Amino acid sequence: MAGRFISLEGGEGVGKSTQLAALATALEGRGIEVLVTREPGGSSGAEAIRKLLLEGEETRWNPRSEALLFAAARADHVEKTIKPALAEGKWVLSDRFLDSSLAYQGEAGGLGIEAVRDLHRFGSLDFLPDRTLVLRLESGEGALRARRRDGEEGDRIGSRPPRYHAAVDRGFRVMAEQEPDRVKLIDAEGNPETVTARLLYALGDLLP
Ligand SMILES: Nc1ncnc2c1ncn2[C@@H]1O[C@H](COP(=O)(O)OP(=O)(O)O)[C@@H](O)[C@H]1O
Ligand SMILES: Cc1cn([C@H]2C[C@H](O)[C@@H](COP(=O)(O)OP(=O)(O)O)O2)c(=O)[nH]c1=O
């Protein structure tokens, strides 16, 4: 049976990594073979680009070069990691994918969602997840969780100001409105088990 490609999205500290691990365990418990991956990264070329994107000065890249680097990393990730795993029948769970670029670089970075989608059309032939689950917390709570985890050590993008992250959240909501069959908003409040149950519910029609 063909695999499925699921991306987990959301702002900083909403619980993506925690939920990705829990979702992988739940799917494996149903006999599904799972590959967990992440962006930026997920292939050796894309992991090298990750360092360029997340380390260094805020002014290291302008918004256009930043968007191109994310798109280049994604093209390599799709070709080298995601498509081969799907061809083997695995379910691929990715911690972030295209919708992060649409929300961060497109909406918050001011390039526009369509311009960033064009880069994906070129780089990855518009390859899309079967489902995108966007974890959402009311403003501030994700930033608090991330700060509890990281202290003041945010990366180049995570440490951008609150208005940038508010625009990121708006970008994810736009995506859910534009593509309601693919992109589902999931309430990330409550204990981790409750959130995992919501995610599994939102995958119900894809499960074997
Ligand atoms: N449901 C939850 N309730 C409270 N804290 C949580 C919950 N899920 C995750 N956390 C904690 O919040 C922090 C951020 O979670 P993490 O999974 O790393 O988020 P992300 O990958 O989205 O940045 C971690 O310290 C994690 O242990
Ligand atoms: C994949 C992707 C990530 N990002 C940002 C979001 C995060 O701030 C950072 C990824 O760092 P990461 O350590 O994965 O952050 P988090 O724990 O919040 O998921 O890169 C973009 O701006 N555009 C993208 O396309």
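Since this is a predicted model, take the numbers as computed values, not measurements.

Conventions adopted
Residues numbered from 1 in each chain as written. Chains lettered and ligands numbered in written order. Predicted model: local features only at pLDDT ≥ 70, side-chain atom pairs only at ≥ 80, totals over all residues. Heavy atoms only, no water. Buried < 20%, exposed > 50% of the residue type's maximum accessible area, 1.4 Å probe, protein only. Helix = DSSP H or I, 4+ residues; strand = E, 2+ residues; numbered from the N terminus. Pairing = 2+ DSSP bridges. Near = heavy atom within 4 Å. Polar contact = N/O pair within 3.5 Å; in protein donor to acceptor, adjacent residues only side chain to side chain. Areas by Shrake-Rupley, 256 points an atom, 1.4 Å probe, with all protein chains shown as cover. Nonpolar A, V, L, I, M, F, W, Y, C, P; charged D, E, K, R; others polar. 1 Å grid on protein atoms, 1.4 Å probe; cavity = no way out; pocket = protein on both sides within 12 Å on 5 of 7 lines; lining within 4 Å. Points joined across faces, edges and corners; volume = space filled by probe spheres on them. UniProt positions renumbered as here; feature names shortened; annotations may be inferred. Contact = heavy atoms within 4.5 Å.

**As for the pairing of strand β1 (residues 5–10)**
Now for step 1: Counting buried positions along β1 gives six out of six residues, so the element sits mostly inside the fold.
Now for step 2: Residue alternation in β1 divides its side chains into two sets, Phe5, Ser7 and Glu9 and Ile6, Leu8 and Gly10, and both sets are buried.
Now for step 3: Relative to strand β4 (residues 131–136), β1 runs parallel, the two sharing five bridges. Its bridge partner being in β4, Ser7 is matched across the sheet by Thr132.

**Observations regarding the site of ligand 2**
Now for step 1: Near ligand 2, the surroundings consist of 17 residues, among which Glu12, Arg74, Arg96, Ser101 and Gln105 are the closest.
Now for step 2: Within the contact set of ligand 2, an oxygen atom lies 3.1 Å away from a side-chain nitrogen or oxygen of Arg50.
Now for step 3: Arg96 places a polar side-chain atom, nitrogen or oxygen, 2.9 Å from an oxygen atom of ligand 2.
Now for step 4: Starting from 550 Å² of accessible surface for ligand 2 in isolation, the protein chains cover 92%.
Now for step 5: Counting residues per element, the ones that place at least two in the shell around ligand 2 are α2 (44–54), α3 (63–87) and α4 (98–108).
Now for step 6: In terms of residue count, α4 provides more of the shell around ligand 2 than any other element does, four residues in total.
Now for step 7: Taken together, the residues of the shell around ligand 2 sort by class into five nonpolar, four polar and eight charged.

**Let's talk about empty space enclosed by the protein**
Now for step 1: One pass over the structure, following the stated rule, counts one cavity of 30 Å³ or more.
Now for step 2: As for the largest cavity, its lining consists of Ala67, Ala71, Arg74, Leu98, Ser101, Val116, Leu119 and His120.
Now for step 3: Within the residue set of the lining of the largest cavity, elements represented by two or more residues are α3, α4 and α5 (113–124).
Now for step 4: A per-class count over the lining of the largest cavity returns five nonpolar, two polar and one charged.

**Observations regarding unusual backbone geometry**
Now for step 1: Here the amide bond leading from Glu39 into Pro40 is cis, since omega sits at -10°, within 30 degrees of zero.
Now for step 2: Structurally, Pro40 can be placed in the loop between β2 (34–38) and α2.
Now for step 3: Not every positive phi belongs to a glycine, and Leu125 is a case in point at roughly 50°.
Now for step 4: Tracing the backbone through its elements, the reader meets Leu125 in the loop between α5 and β4.
Now for step 5: You can call Leu125 exposed: its relative accessible area is 69%.

**Some words on the UniProt feature "binding site: ATP" (unreviewed entry) in the protein chain**
Now for step 1: This chain's UniProt record puts "binding site: ATP" (unreviewed entry) on Gly10, Gly11, Glu12, Gly13, Val14, Gly15, Lys16 and Ser17.
Now for step 2: Its place among the elements puts Gly10 in strand β1.
Now for step 3: For Gly10, the contacting residues outside a window of four places in its chain are Lys16, Arg96, Tyr104, Val134, Leu135 and Phe172.
Now for step 4: If you trace the backbone, Gly11 turns up in the loop between β1 and α1 (16–29).
Now for step 5: Discounting residues that sit within four places of it in the chain, Gly11 has contacts with Lys16, Arg96, Tyr104, Leu135 and Phe172.

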